[in-house]
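Listed below are the residues making up each chain.
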Amino acid sequence: MAASPAPDGATTRIVIENCAIATVDAHDTEYASGHVVVAGNRIESVGPGAAPEGLGDVVRRVDGTGHLLTPGLVNTHHHFYQWLTRGLAQDANLFDWLVALYPIWSRIDEEMVYAAARGSLAMMVRGGVTTAMDHHYVFPRGTGDLLGAEIRAARETGVRFSPTRGSMDRGKSAGGLPPDFAVETTEAALIATEEAIDTHHDASFDSMLRVGVAPCSPFSVSTDLLREAAVLARRKGVRLHTHGSETVEEEKFCKELFGMGPTDYFESTGWLGDDVWMAHCVHMNDDDIQAFARTGTGVAHCPSSNARLAAGTARIPEMRKAGVPVGLGVDGTASNESGELHTELRNALLVHRLAGGEGALNVRQALRLGTHGGARVLGRAEEIGSLEAGKLADLVLWKLDGLGHSTIADPVAALVLGAAAPVTLSLINGRPVVEDGRLVTVDEDTIAREARREARRLACIAAEG
């Protein structure tokens, strides 16, 4: 969306002032009371005190007293379709969970994916996410335009979106986990992925839609698909994404099948580099971390999902110290039923202090993981992820003057350690998308009703076999 013109051709402005500000810039600049001026879809100025006098074409002034203003949250890993299968396989580890759910997921269709995407997006956006990402890799034959359904839902919601066209070509008969009828051929997956890029990808600075290439995982994808997908992504100039080193079972699988651990296997297929990010990366040794740091390979850290599936605790403090790009991810809502990213700020801090002590992660580092860290992982740190003049106007105004935060003096600590903070205002690309805790672009009640209907339909179809 271009900058909004006033009747005389000038750019309209939104002014937010009298709020605490955490810019999450390179110096972690903060203001106890400051202002941000948004001009069209860009941040025009950020600073202490009131906004400059004499600004023209101001269409809205927001008094942020009692609030904290931050960059919008950036989600780096998700599976929207799983919104329809929340609460199942409650006591399973990853492999058992996948075996239980793949037969259900393989029955999804376009209408289901659209409803699930709307539910997933609504839950994230009303909780402060301004850039969403999805990894969709289940494409049953003859079920419609599943990726297009997600893109349509994101466009209606008004969120900045980084979908990845996933794929699986290693079914159960070839030693993989998914049923054979749920996978594609290698050729079909590559053709469909290239078509998705050609149809949807927008590489511009202001882009609301960036498409990536994302074979699912080593245990559901052939070596040929993994290798050729990397070649395709680099030919098209887009980013690569997959699951990596999520469980000890995955490491055992890679060593038995390929004769090496996951990181070495990924490197042998062209899957390390500054255009790559991987979800989870829980079970990585020192050499693995150094390989990621050396190549600039990013990590989507999903603490709640890793805990839900008993996968373990990723070595995020060591990764950050080594220089590995790290962002936060919700992961699919069948393994993180809350579907929210702002809760991951707190959970990341708590998980890593349990594992590494009080110095493992602090509140500002947690906020950085969820904002600038995520932008870096998605290759968009020059455009989003911090509040700086010239960047895109993706920002969130969190209400901290209620009961839940009333005695926490440090606003960043209130946001990260306190109760989930309500969102008074969220701007995405300079456009209000959340007002007073409610989405203004779509109807939440309709989304919930339609998602319930599609979840019931999926359950009935799966039960019929």
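Residues numbered from 1 in each chain as written. Predicted model: local features only at pLDDT ≥ 70, side-chain atom pairs only at ≥ 80, totals over all residues. Heavy atoms only, no water.

1. Regarding unusual backbone geometry
Logical step 1: Phi is positive for Asp-28, close to 55°, though the residue is something other than glycine.
Logical step 2: The residue Asp-28 is located in the loop between strand 1 (13-22) and strand 2 (30-39) in this model. (Helix = DSSP H or I, 4+ residues; strand = E, 2+ residues; numbered from the N terminus.)

2. Regarding the packing of aromatic side chains
Logical step 1: In the structure shown here, the tally under the stated rule is 10 aromatic pairs.
Logical step 2: Between Tyr-81 and Trp-105, the aromatic rings sit 5.2 Å apart at their centres with planes inclined by 85°, giving edge-to-face as the arrangement. Taken together, the positions of Tyr-81 in the loop between strand 6 (73-74) and helix 1 (94-105) and Trp-105 in helix 1 put the pair 24 residues apart, joining distant regions of the chain. The pair Tyr-81 / Trp-105 is uniform in exposure class, with both members buried. (Phe/Tyr/Trp six-rings, centres within 6.5 Å; stacked < 30°, edge-to-face > 60°. Buried < 20%, exposed > 50% of the residue type's maximum accessible area, 1.4 Å probe, protein only.)

3. Let's talk about the nonpolar core
Logical step 1: Core analysis: the largest hydrophobic core is formed by 113 residues, its most contacted members being Trp-97, Trp-105, Trp-271 and Met-319.
Logical step 2: Sorting elements by how many residues they give to this core places helix 2 (residues 110-125) first, with 9 residues.
Logical step 3: Apart from the residues within four sequence positions on either side, Trp-105 is in contact with Tyr-81, Gln-82, Thr-85, Trp-97, Leu-98, Tyr-137, Val-138, Pro-140 and Ala-334. (Core = buried A, V, L, I, M, F, W, Y, C linked by side-chain atoms within 4.5 Å. Contact = heavy atoms within 4.5 Å.)

4. What about the packing of helix 2 against helix 14 (residues 444-464)?
Logical step 1: Contact geometry of helix 2 with helix 14 gives a least axis separation of 9 Å together with a crossing angle of 135°. When the axes of helix 2 and helix 14 are compared, the pair comes out oblique. Considering only the axes of helix 2 and helix 14, their crossing is left-handed. Taken together, the residues of helix 14 that come into contact with helix 2 (itself represented by Glu-111, Met-112, Ala-115, Arg-118, Gly-119 and Ala-122) are Thr-446, Ile-447, Glu-450, Ala-451, Arg-453, Glu-454, Arg-457, Leu-458 and Ile-461.
Logical step 2: Grouping the amino acids of the contact of helix 2 with helix 14 by side-chain chemistry returns 7 nonpolar, 2 polar and 6 charged. (Axes fitted to C-alpha atoms, helices over the stretch in contact; angles between N-to-C directions. Parallel < 35°, antiparallel > 145°, perpendicular 65-115°, else oblique. Left-handed = near helix turned anticlockwise from the far one by under 90°. Nonpolar A, V, L, I, M, F, W, Y, C, P; charged D, E, K, R; others polar.)

5. Side note on the packing of helix 2 against helix 3 (residues 146-157)
Logical step 1: Contact geometry of helix 2 with helix 3 gives a least axis separation of 8 Å together with a crossing angle of 35°. Note that helix 2 runs across helix 3; the crossing there is right-handed. Taken together, the residues of helix 3 that come into contact with helix 2 (itself represented by Glu-110, Val-113, Tyr-114, Ala-117, Arg-118, Leu-121 and Val-125) are Leu-146, Ala-149, Glu-150, Arg-152, Ala-153, Ala-154, Glu-156 and Thr-157.
Logical step 2: Residues belonging to the contact of helix 2 with helix 3 are distributed by class as follows: 9 nonpolar, 1 polar and 5 charged.

6. Description of the side chain of Ser-386
Logical step 1: With respect to the element layout, Ser-386 can be found in the loop between helix 12 (363-377) and strand 14 (395-399).
Logical step 2: Here Glu-388 takes part through its side chain, which lies 2.5 Å from a polar atom of the side chain of Ser-386.
Logical step 3: Of the polar contacts made by the side chain of Ser-386, one reaches the side chain of Lys-391; its length is 2.6 Å.
Logical step 4: In this structure, Ser-386 is in contact with Thr-23, Val-24, Asp-25, Ile-43, Pro-71, His-372 and Lys-391, ignoring residues within four places of it in sequence. (Polar contact = N/O pair within 3.5 Å; in protein donor to acceptor, adjacent residues only side chain to side chain.)

7. As for the pattern of salt bridges
Logical step 1: The full count for this structure, using the stated rule, is 32 salt bridges.
Logical step 2: Between Glu-383 and Arg-380 there is a salt bridge, with its nearest N and O atoms 2.6 Å apart. For the pair shown, Glu-383 and Arg-380 are each scored as buried. (Salt bridge = Lys/Arg side-chain N within 4 Å of Asp/Glu carboxyl O.)

8. Considering the pairing of strand 3 (residues 42-48)
Logical step 1: Sheet analysis places strand 2 next to strand 3, joined by 6 bridges and oriented antiparallel. Bridge pairing in strand 3 links Val-36 to Val-46.
Logical step 2: Hairpin remark: strand 2 followed by strand 3, antiparallel, with 2 residues in the connecting loop; positive phi at Gly-40, about 65°. (Pairing = 2+ DSSP bridges.)

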